[in-house]
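So you can see what is in the structure, the chains are spelled out below.
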Amino acid sequence: MSRALPPLQWDVFCRVIDNFGDIGVCWRLVAQLAALGHRVRLWVDDASALQWMAPQGYPGVELRVWGSPPPSPEEPAPDVMVEAFGCDIAPEFIAYSAYPSSARGQKSAKPVWINLEYLSAEAYVERNHRLPSPILSGPAAGWTRWFFYPGFTPGTGGLLREPDLMARREAFDRSAWRAEHAAAFGLGDGCAEQRWVSLFCYEPAALPELLRHSQTRPTQLLVTPGRPTAAVRAALAEGCDQNIAQKGLQRLSDKREQLSISYLPHRPQPAFDEMLWACDFNAVRGEDSLVRALWAGQAFVWQIYPQHDNAHHDKLWAFLDWLRAPASLRQFHATWNGLDAEPLQWPGDDTLAEWTACTQAARARLLTQDNLVAQLLGFVAEKR
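**Student:** Got a sec to walk through empty space enclosed by the protein? Specific residues and values, please.
**Tutor:** Across all of its chains, the model carries 3 cavities of 30 Å³ or more by this definition. Roughly 270 Å³ of internal volume is contained in the largest cavity. As for the largest cavity, its lining consists of 23 residues, of which Phe20, Trp52, Met53, Phe200 and Phe272 are closest to the centre. Only helix H1 (21-35), helix H2 (50-53), helix H10 (269-278) and helix H11 (288-296) provide two or more residues apiece to the lining of the largest cavity. When the residues that make up the lining of the largest cavity are grouped by side-chain class, the tally is 10 nonpolar, 7 polar and 6 charged. Space inside the second largest cavity adds up to approximately 110 Å³. Along the wall of the second largest cavity there are 15 residues; nearest its centre are Val25, Leu160, Glu287, Val291 and Leu372.

Okay, structure coming up:
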């Protein structure tokens, strides 16, 4: 068993590629570390999404602009350096971290340097998890950078999960949430009996089909802001009229036969989680929302981040293999991600129940494993 850790100084580095995913993962990480009593500096090149994702910040987390000078000599040197998604820590910060360590002349004074990798269910993750990468030159020569892989199996670093997450999920009142949302958007009294669907996506080619299918039965579609809203409005061959656009306003909802569409504002991470809990089916994208969909325990489809060399195809299939997805869910994922040209088969109630049961079985397997932060703390204690 790893020894307990005192409060440490963590420096976490994030370059934003997907404006919600990268910073979303990093913010959940640093907030959970701070909640456990650690001090965290988050170095990020674009923190704009935190204005709505975490508007109150978090005690113990300090934001630093990527490229700004390293901390002053009066500030604590890092005990742990985390470069998220291979973002490469600035040489100036490495030099700053190395020289105080050299002056102390103690091996234990070197910070634990972790490369926190992307999430994948592919087999290489278990092979590469916790592997060392010796630093051979520069001010940090002789140090070791460690690869740390989140993942879905006991041989990986696990997933981000707050200690109280499942208790909050269990206590959540779905009916009250739906009623509150219905009142805010002026929906009818029967909306609680509709199928509730959340949409957080890029621009899937199958989106028009999903909208057409959703018009044939009572459905409440919750569309997240940004690219999902633009994609839905384009698929409906509609949007704001010129007069509304000139005033900087947007329509809050649309109605198409039995489909009611609500265009949501940006919301903090806990509120995003509650939306996933409230819905019968969630369309999610990227890494952070995939993990939150698993914890939600509802049926979902994942739109994986597309790569030019189609490497995301293997990544998607590996995840569906781990998920033990039934054939209907695998086919839905393939069509949603543009891997084939098959028509989108919108699930009936029995199929949706099967997909939900699949998610909940996967969640049960994950809950037997330590979460990512617990594993990081154990790893740091081992290496210090």
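**Student:** Let's hear about the packing of aromatic side chains: which residues, and what values?
**Tutor:** Overall, the coordinates contain 27 aromatic pairs when judged by the stated rule. Considering the side-chain rings of Trp43 and Phe93, the 5.4 Å spacing of their centres and the 70° angle between planes classify their relative orientation as edge-to-face. Note that Trp43 is positioned in strand S2 (residues 39-44) and Phe93 in helix H3 (residues 91-104), a separation of 50 residues in sequence. For Trp43, a relative accessible area of 3% translates into the label buried. Phe93 gets classed as buried once you look at its relative accessible area, which sits at 3%. Aromatic pair Phe93 and Tyr96: ring centres 5.3 Å apart, planes at 55°, arrangement tilted. One end of the pair is Phe93 and the other is Tyr96, both in helix H3 and 3 residues apart, which spans about a single turn. Over the aromatic face of Tyr263 sits the side chain of Arg233, whose NZ or CZ is 4.1 Å from the ring centroid. Directly above the aromatic system of Trp322 lies the positively charged group of Arg365, at a separation of 4.9 Å from the ring centroid.

**Student:** Which residues make up the environment of Asp314, and what values do they have?
**Tutor:** Residue position: Asp314 is located in helix H12 (residues 311-323). Exposure remark for Asp314: the relative accessible area of 53% places this residue in the exposed category. Remark: the alpha-carbon pair of Asp314 and Ala109, spanning 205 residues in sequence, is separated by 41 Å.

Conventions used here
- Residues numbered from 1 in each chain as written.
- Predicted model: local features only at pLDDT ≥ 70, side-chain atom pairs only at ≥ 80, totals over all residues.
- Heavy atoms only, no water.
- 1 Å grid on protein atoms, 1.4 Å probe; cavity = no way out; pocket = protein on both sides within 12 Å on 5 of 7 lines; lining within 4 Å.
- Points joined across faces, edges and corners; volume = space filled by probe spheres on them.
- Helix = DSSP H or I, 4+ residues; strand = E, 2+ residues; numbered from the N terminus.
- Nonpolar A, V, L, I, M, F, W, Y, C, P; charged D, E, K, R; others polar.
- Phe/Tyr/Trp six-rings, centres within 6.5 Å; stacked < 30°, edge-to-face > 60°.
- Buried < 20%, exposed > 50% of the residue type's maximum accessible area, 1.4 Å probe, protein only.
- Lys NZ or Arg CZ within 6 Å of the ring centre and 35° of its normal.

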